[in-house]
Amino acid sequence: MADLPLDRPAGVLVKTTCVDFPGHLAGSFFLKGCNLRCPYCYNRDLVLGFNDDKSNGESSESHSSQNTIEELFNHLEKRQGILTGLTISGGEPLLNPYTPIIIKKAKELGYLIKLDTNGTLPDELEALLNDKELRPDFIAMDIKTSPSRYATEICNKTSPFFAKTEYWEKKVKRCTKLVASYPAEKREFRTVLVPPLVQKEDIKKMAGLLPQDASWQFAQFRNENCLDPSYNEIPPYTDSEVAELIEYAQTFIKGAELR
């Protein structure tokens, strides 16, 4: 792990953010690679970018817009005393070998760590939580849709676990329990209001996974640059429809709100 090069494109650095880490002025680093293929995802280069060569379909332009771990560390050193947190996102950071390197360095510099995860890798998440040096200070977990729908609508179709409903249900439920083990003020659950994937029946099933004191943050769907081009043609929910869905979610989880 120590031999990983720090001077090669690894992700995208957001130097300063007021919204990615609740209660903190922070930086964010979005790492490449993901085990899911959410059809509405607009981070195409990050999701598809497992390798550093062009054989994976990345263009030279996408490389030029990415940052190195070296650049991230330089930024964190310069912003000590100004930024208080670092969000590690993706893609899916639990898949990325740079994640523990980033966490260790950031913690050495005095930063609090927020981890964003898609909630399907409980073994990797548990290993991180059990390591005192790597344990995040805050976790945000995505709840995409009803757990039973991950197998065909969220999973990568090339995965050996495509269409294996029980497999994905177990993964999502176990990750939810791990995140729920954190104090309420140090975790949140997030759902994008994608019309085909998040309807009232899905909200009810998702709510059944969450602790009653959950902060459940909803976001509006963006029908642009979607991984599945057909989703670019799907109109987002109207403001009144969003309000109705949030109100319905609040009948199960009081901490449900639109971010």
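Note that this is a predicted model, so its numbers are computed, not measured.

Observations regarding the overall build of the chain
Alright, step 1. The number of helices and strands found in the chain is 9 helices and 9 strands.
Alright, step 2. Taking the principal axes of the C-alpha coordinates as reference, the chain spans close to 45 × 40 × 35 Å.
Alright, step 3. Each of the 259 residues in the chain was classed as buried or not, and the buried ones make up 49%.
Alright, step 4. Expressed as a percentage of contacts within the chain between residues at least 6 apart in sequence, the contacts between residues at least 24 apart total 71%.

Re helix α4 (residues 98-108)
Alright, step 1. When we look at burial in α4, the residues that qualify are Y98, T99, P100, I101, I102, I103 and A106.
Alright, step 2. Next to the buried residues of α4 lie β1 (9-17), β2 (26-31), α3 (69-78), β4 (85-89), β5 (112-117) and α5 (122-129).
Alright, step 3. Immediately downstream of α4, the backbone of G110 shows phi near 95°, a positive value.

Description of the sheet that holds strand β6 (residues 138-142)
Alright, step 1. Spatial strand order, β3-β1-β2-β4-β5-β6-β7-β8-β9: 9 strands in an open sheet with mixed pairing. At either end of the open sheet lies a strand with only one pairing partner, and these are β3 (67-68) and β9 (256-258).
Alright, step 2. Sheet topology places β4 next to β5; 4 bridges connect them, and they run parallel. Considered in β5, the bridge of G85 is made with L112.
Alright, step 3. Lying over the sheet, helix α9 (residues 239-250) contacts β7 (187-193), β8 (216-220) and β9, oriented at roughly 160° with respect to β9.

Focus: the side chain of R37
Alright, step 1. Tracing the chain through its elements places R37 in the loop between β2 and α1 (44-48).
Alright, step 2. Among buried charged residues, R37 stands out as having no salt bridge; its nearest opposite-charge side chain is E92, 11 Å away.
Alright, step 3. Within polar-contact distance, the side chain of R37 engages the backbone oxygen of C34 at 2.9 Å.

Examining the packing of α3 against α4
Alright, step 1. It is at 11 Å that the axes of α3 and α4 come closest, and there the two elements cross at 15°. With respect to each other, α3 and α4 are oriented roughly parallel. With respect to the hand of their crossing, α3 and α4 are arranged in right-handed fashion. Of the residues in α4, those touching α3 at I69, L72, F73, L76 and E77 are Y98, I101, I102, K105 and A106.
Alright, step 2. Considering only residue class, the contact of α3 with α4 consists of 8 nonpolar, no polar and 2 charged.

What to know about the pattern of salt bridges
Alright, step 1. If you walk through the whole model with that rule in mind, you get 16 salt bridges.
Alright, step 2. Residue R149 pairs with D202 through a salt bridge whose shortest N-O separation is 3.1 Å. With R149 in the loop between β6 and α6 (150-153) and D202 in helix α8 (residues 200-207), this residue pair connects regions lying 53 residues apart in the sequence. Judged on exposure class, the residue R149 and its partner D202 are both buried.

Observations concerning the confidence of the model for the chain
Alright, step 1. Here the chain shows a mean pLDDT of 93. Residues at 70 or above account for 93%.
Alright, step 2. Below pLDDT 50 for its whole length, residues 50-62 participates in 23 contacts with residues either more than four positions away or in separate chains.

Digging into the packing of aromatic side chains
Alright, step 1. Inspection of every chain in the model, using the stated rule, returns 5 aromatic pairs.
Alright, step 2. Ring geometry for Y167 versus W168: centroids 5.1 Å apart, planes at 85°, classification edge-to-face.
Alright, step 3. The ring of F73 has K105 lying over it, and the distance from NZ or CZ to the ring centre is 6.0 Å.

Focus on the pairing of β4
Alright, step 1. Within β4, 5 of the 5 residues are buried, which leaves the element mostly enclosed by the surrounding structure.
Alright, step 2. Here β4 shows two buried faces, one formed by G85, T87 and S89 and the other by L86 and I88.
Alright, step 3. Direction of pairing for β2 relative to β4: parallel, over a ladder of 5 bridges. The residue of β4 that forms the bridge with S28 is T87.

What counts as what
- Residues numbered from 1 in each chain as written.
- Predicted model: local features only at pLDDT ≥ 70, side-chain atom pairs only at ≥ 80, totals over all residues.
- Heavy atoms only, no water.
- Helix = DSSP H or I, 4+ residues; strand = E, 2+ residues; numbered from the N terminus.
- Buried < 20%, exposed > 50% of the residue type's maximum accessible area, 1.4 Å probe, protein only.
- Contact = heavy atoms within 4.5 Å.
- Pairing = 2+ DSSP bridges.
- Axes fitted to C-alpha atoms, helices over the stretch in contact; angles between N-to-C directions.
- Lys, Arg positive; Asp, Glu negative; His and termini not counted.
- Salt bridge = Lys/Arg side-chain N within 4 Å of Asp/Glu carboxyl O.
- Polar contact = N/O pair within 3.5 Å; in protein donor to acceptor, adjacent residues only side chain to side chain.
- Parallel < 35°, antiparallel > 145°, perpendicular 65-115°, else oblique.
- Left-handed = near helix turned anticlockwise from the far one by under 90°.
- Nonpolar A, V, L, I, M, F, W, Y, C, P; charged D, E, K, R; others polar.
- pLDDT = per-residue confidence, 0-100.
- Phe/Tyr/Trp six-rings, centres within 6.5 Å; stacked < 30°, edge-to-face > 60°.
- Lys NZ or Arg CZ within 6 Å of the ring centre and 35° of its normal.

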